Amino acid sequence: RANSIHLCNPHLEKMKEDILYHFALGTGTHDFPALFGDVKFVCVGGSPSRMKAFIAYIAEELGLGSPGGDYPNICAGTDRYAMYKVGPVLSVSHGMGIPSISIMLHELIKLLYHAKCSNVTIIRIGTSGGIGLEPGSVVITHQAVDATFKPQFEQVVLGKTVTRSTDLDEQLAKELMQCSKEIGQFNTVIGNTMCTLDFYEGQGRLDGAICLYNEEEKLQYLKEAYDSGVRNIEMESSVFAAMCYLSGLRAAVVCVTLLNRLEGDQISSSHDVLVEYQQRPQKLVGYFIKKTLGKV
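Residues numbered from 1 in each chain as written. Predicted model: local features only at pLDDT ≥ 70, side-chain atom pairs only at ≥ 80, totals over all residues. Heavy atoms only, no water.

(A) Expanded view of the nonpolar core. Membership of the largest hydrophobic core comes to 42 residues, with the highest contact counts inside it found for Phe23, Val42, Leu108, Leu111, Leu112, Ile122 and Phe240. Elements represented by at least two residues in this core include exactly helix 1 (32–36), strand 3 (41–45), strand 5 (89–93), helix 3 (98–114), helix 6 (237–246) and strand 12 (250–260). Leaving out residues up to four positions away in the same chain, Val42 has contacts with Leu90, Val92, Leu108, Leu112, Val120, Thr121, Ile122 and Ile123. Listed in part, the 36 residues of the second largest apolar core include Ile123, Ile125, Tyr277 and Ile289. (Core = buried A, V, L, I, M, F, W, Y, C linked by side-chain atoms within 4.5 Å. Buried < 20%, exposed > 50% of the residue type's maximum accessible area, 1.4 Å probe, protein only. Helix = DSSP H or I, 4+ residues; strand = E, 2+ residues; numbered from the N terminus. Contact = heavy atoms within 4.5 Å.)

(B) Seen up close, the layout of surface pockets. Space inside the largest pocket adds up to approximately 420 Å³. Along its surface, the largest pocket is lined by 18 residues, and Cys8, Asn9, His106, Arg164 and Met243 are the ones closest to its centre. Residue assignment for the lining of the largest pocket shows that the elements contributing at least two residues are helix 3, strand 8 (152–157) and helix 6. Of all the elements, helix 6 adds the most residues to the lining of the largest pocket, at four residues. A per-class count over the lining of the largest pocket returns 10 nonpolar, six polar and two charged. Of the pockets and cavities examined, the second largest pocket occupies roughly 340 Å³. (1 Å grid on protein atoms, 1.4 Å probe; cavity = no way out; pocket = protein on both sides within 12 Å on 5 of 7 lines; lining within 4 Å. Points joined across faces, edges and corners; volume = space filled by probe spheres on them. Nonpolar A, V, L, I, M, F, W, Y, C, P; charged D, E, K, R; others polar.)

(C) Quick look at helix 4 (residues 170–183). Taking 1.5 Å as the rise per residue, helix 4 with 14 residues should run 20 Å; its terminal C-alpha atoms sit 20 Å apart, in good agreement. Among the residues of helix 4, Leu172, Ala173, Leu176, Met177, Cys179, Ser180 and Ile183 are the ones counted as buried. Summarising the axial view, the buried residues of helix 4 lie within an arc of 155 degrees, below the 170-degree limit, and thus occupy one face. Contacts made by the buried residues of helix 4 are with strand 6 (121–130), strand 7 (138–145), strand 10 (188–195), strand 12 and helix 7 (271–292). Put simply, Asp169 is the residue that caps the front of helix 4, since its side-chain oxygen is 3.1 Å from the backbone nitrogen of Gln171. Among the residues trailing helix 4, Gly184 stands out with phi positive, at a value near 65 degrees. (Expected span 1.5 Å × (residues − 1). Arc of directions from axis to C-beta. Polar contact = N/O pair within 3.5 Å; in protein donor to acceptor, adjacent residues only side chain to side chain.)

(D) The pattern of salt bridges, seen in detail. Here the structure, examined in full by the defined rule, presents 13 salt bridges. The salt bridge partner of Glu170 is Lys174, with a shortest N-O separation of 3.9 Å. Placement of the pair is Glu170 and Lys174 together in helix 4, with a separation of four residues, close to one helical turn. Assessed through its relative accessible area of 48%, Glu170 is described here as partly exposed. On the basis of relative accessibility, which here comes to 48%, the residue Lys174 falls in the partly exposed class. Residue Arg250 pairs with Glu175 through a salt bridge whose shortest N-O separation is 2.7 Å. Taken together, the residues span a long stretch of sequence, with Arg250 in strand 12 and Glu175 in helix 4 at a distance of 75 residues. A relative accessible area of 24% places Arg250 in the partly exposed class. (Salt bridge = Lys/Arg side-chain N within 4 Å of Asp/Glu carboxyl O.)

This is the structure:
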């Protein structure tokens, strides 16, 4: 499981060509092993611009690019997702929420399989709302849990509810935590991440267009989440963990917290502060990649 990509779909073997529609790539038009066969690290995040900034950052860190160099979008034929590559690192945007990242992951996992990649580590880097943490803290996910704090991902397939494990690679989380200690620049914790279907009601906010609960009920819910081990909230980790586990991918989630949800709902930090916060997962994962490649 750990060495090669596992596809849980016997039907793909019968297909003459596999079109990755949302990437504007296909096995009949592109040489996947030549383009992607050397990939060992895949970093995914919501925003196309953030993933482009990450590939420029990692290129400089690994000494594989020139300052200010341009990195073409491999998925330029579509506006759904953006993909960038430098050396053994692939950087892909996934949009916002479970549906968007799951579509991307189906095609990404097939891409890695068709490219005959092995020993791949995949890490989601992103932003989140913290619970009981100072803004700017980085959370390495121990388990992705749903909005009832259960470590599972539920999906309706052919009219039936399928429940899948959201276990992530425990050793990888420990390695990332050690990297953060070596960097020593920001607070980092390992904790559970709650994955919701919505940014507003699903996360207990009071500032959406619809809200039929009070502040006391909201705080009680968030404190229950904290007591269950949840340290941050976002909208992608459960399906990410489930799909990576089924595909034999070594996976982690590393998100910075933009606010402490026990103290408010709206993100009020300045643009410059938020930009610096968003760079923290990139710095941590960049350091991890350099260390793994023996460049630290």
